[in-house]
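Geometric and topological summary
One-letter residues, chain by chain:
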Amino acid sequence: MVFSRNMTTTIIDCYTDEPAGLGVPPYLGTYPRYIYGRLKHDSRSEEIFYLTIDDIRLYRRYSSRIPETKPNSKTNINILNLTRNWSRTKEILSGTDRLIVILGVHVPGKYLSAVPGTLKEVLGYIEGLRCYKILTGPAATEHGTQLEGGKFAKMPDKGAFDETIADLVTDYDDIAKAAVKGAEIQKQISDLRIAEIETGRGCTRYPGCSFCTEPLKHRLEFREQRDIHQEIKALIKNRIRHFRLGKQSCFYSYKSDGANCNTKEIEKLLKPISEMKPDVLHIDNANPMMVDEPATRLIVKYCTAGNTAAFGVESFDPDVQEKNNLNCNNEGIYKAVRIINKHGAARGENGMPKLLPGINLLFGLIGENKGSFEHNISWLKRFVDESLLLRRINIRQVTPFEGTRLYSEAGSRFLKKNRKHYWKWRDSIRRSVDYPMLKLVTPAGIVLKQARAEVYDGKNTFCRQVGTYPLIIGVKQRLKLGSSYDLRITGHMLRSITGEPA
Ligand code: SF4
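Considerations on the site of the ligand
If you check the shell around the ligand, you find Cys203, Arg205, Gly208, Cys209, Phe211, Cys212, Pro215, Ser249 and Asn327 and nothing else. Split into classes, the residues belonging to the shell around the ligand amount to 5 nonpolar, 3 polar and 1 charged.

Remarks on the packing of helix α12 (residues 370-385) against helix α14 (residues 413-441)
Across the interface, α12 lies against α14 with an axial gap of 10 Å and an inter-helix angle of 5°. As far as their axial angle goes, α14 and α12 are roughly parallel. Facing Lys370, Phe373, Ile377, Leu380, Lys381, Phe383 and Val384 of α12, the residues of α14 in contact are His421, Trp425, Ser428, Ile429, Ser432, Val433, Pro436, Met437 and Leu440. Broken down by class, the residue content of the contact of α12 with α14 amounts to 11 nonpolar, 3 polar and 2 charged.

Digging into the environment of threonine 89
Relative to the assigned elements, threonine 89 resides in helix α3 (residues 89-94). For threonine 89, a relative accessible area of 0% puts it in the buried group. Sequence-wise, threonine 89 and isoleucine 56 are 33 residues apart; in three dimensions their C-alpha atoms are separated by 6.8 Å. When neighbours within four sequence positions are excluded, threonine 89 is seen to be in contact with Leu51, Asp55, Ile56, Tyr59 and Ser64.

Brief notes about the nonpolar core
Within the largest apolar cluster, 111 residues are counted, with the highest numbers of intra-cluster contacts made by Tyr252, Phe311 and Phe383. Looking at this core, the element that brings in the most residues is α14, giving 9 residues. If you look at the next biggest cluster of nonpolar residues, it comprises 31 residues, including Phe49, Ile56, Tyr125 and Leu129.

Section: the sheet that holds strand β11 (residues 242-247)
Ordered by their spatial adjacency, 4 strands build an open sheet running β3-β8-β11-β12, and the pairing between neighbours is parallel. Looking along the sheet, the strands with just one partner apiece sit at the ends: β3 (27-28) and β12 (280-283). Taken together, the 2 bridges between β3 and strand β8 (residues 194-198) define a ladder with parallel strand orientation. Paired with tyrosine 27 across the strands is isoleucine 194, a residue of β8. Seen against the sheet, helix α7 (residues 225-237) touches β8 and β11 and runs at an angle of roughly 165° to β8.

Remarks on unusual backbone geometry
A cis amide bond links proline 25 to the next residue, proline 26, at an omega of 15°. For glutamate 314, which is not glycine, the phi torsion reads 70° and is therefore positive. Tracing the sequence through the fold places glutamate 314 in strand β14 (residues 307-314). The backbone of glutamine 450 sits at a positive phi, close to 55°, despite the residue not being glycine. The topology assignment puts glutamine 450 in strand β17 (residues 447-457).

Digging into α7
With 13 residues, α7 should reach 18 Å at 1.5 Å per residue; the first-to-last C-alpha distance of 18 Å fits that figure. Looking one or two residues beyond α7, the residue adopting positive phi is arginine 239, at roughly 75°.

What about the environment of arginine 426?
Tracing the backbone shows arginine 426 in helix α14. According to the relative accessible area criterion, arginine 426 is partly exposed, its value standing at 26%. A sequence separation of 49 residues divides arginine 426 from isoleucine 377, and the C-alpha atoms of the two residues are 9.8 Å apart. Ignoring sequence-local partners within four residues, the contact set of arginine 426 consists of Phe363, Ile395 and Gln397.

Conventions we followed
Residues numbered from 1 in each chain as written. Predicted model: local features only at pLDDT ≥ 70, side-chain atom pairs only at ≥ 80, totals over all residues. Heavy atoms only, no water. Near = heavy atom within 4 Å. Nonpolar A, V, L, I, M, F, W, Y, C, P; charged D, E, K, R; others polar. Axes fitted to C-alpha atoms, helices over the stretch in contact; angles between N-to-C directions. Helix = DSSP H or I, 4+ residues; strand = E, 2+ residues; numbered from the N terminus. Parallel < 35°, antiparallel > 145°, perpendicular 65-115°, else oblique. Contact = heavy atoms within 4.5 Å. Buried < 20%, exposed > 50% of the residue type's maximum accessible area, 1.4 Å probe, protein only. Core = buried A, V, L, I, M, F, W, Y, C linked by side-chain atoms within 4.5 Å. Pairing = 2+ DSSP bridges. Expected span 1.5 Å × (residues − 1).

As far as function goes, none of this settles anything; it's purely spatial.
The structure is reproduced here in structure tokens:
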């Protein structure tokens, strides 16, 4: 039934966020592209429609009429990411034979310009529809989904869907064809999208970190360069010019043995993409223990500026690192930060440093106590003191997903024990590390080019450059949304900066 022929199919994208892979606008994830491509290729669906949860909300809450925007009103990010099909949502849904809902968040976060749909929300919208319903994406795994950090995951009500399948297109040979055909999905999207590109899945470490679902979901596998190049070529043909090689657990581990980088294979991957002259080419996740100078030089050479290698550090407390089988130790992290700064800290064509490290921290891991915070803050302050740049520090509360060691051994024990400290810990990092770090990374007076006006908040506009972990720049005027501006930096907040058109 999933790919049977001659049916009108509608894909509803409720957006996805996983340790390896982002599909929340402005990102366009791999799920909708692969599914669309597979349907096109195999099942010859009569028609395939792509709708976002924003289209469905607009239809169900506002009868598919875009509410008037008042001069001082905040952008309603629940209905911002509409497809070209938004005005025909009712008609499309009523003519649908097969409905594929893509949903699931495994790394809960806050998003500037989108709100992922939850199971409860989408079920409320689709329960009356008479069609064959399939749930796919992270929510369809045995780990469920959770939009808020620190809470247990929600599992899908199996009775609500005819089928629940985590990945509809799984095999890398099938993905090679589907990814190329799937690029056409962009024809149904009117806005700019950054395509999240998959380079591999699974993790070089097994068993992996106590909290992580990635090694449980996938065995280690890498995509062929040729397939990735074909996909990017097709996406460029369909007007997508921004790319993030972000769907993998560690970019530096591409086709490696898990101990040393395979620079030959990394160059074979990056060089042809850079020759296609994309507007943006960035990466995402990196295991600091894999970072070396030759691979870092290649990333700096072939990718565009403003790039970030996000390190899944999770904790600087050696005891927490050991109890949770985390992937790195503090000396290794420090060395990786130094290497990336050595090759990537110079400013690039868009005004940002070419490549910087990012640090992810997780609260609620096994063994966490007050001392863990002391380890975190002292290492982070050392980076500031030594002017070693970090692009961003991401702090989340862990979600104990079923099937992980964290779930069976501790559940929410450490979250409950330490939750009372979290606000203070987070605030202390924001004030004593993020704030001085932002001043180092983006000193007042520099110009950040091509920042896109994304949302309004009263008389202010929030803008971001397109790419991986772009800084939020607040501008004290209402700029035209969707347009890009060169912005001169005027000030610094705890996690964002302020600017004015240059
Ligand atoms: S290193 Fe840890 S967090 Fe990263 S993918 Fe592997 S198991 Fe998950």
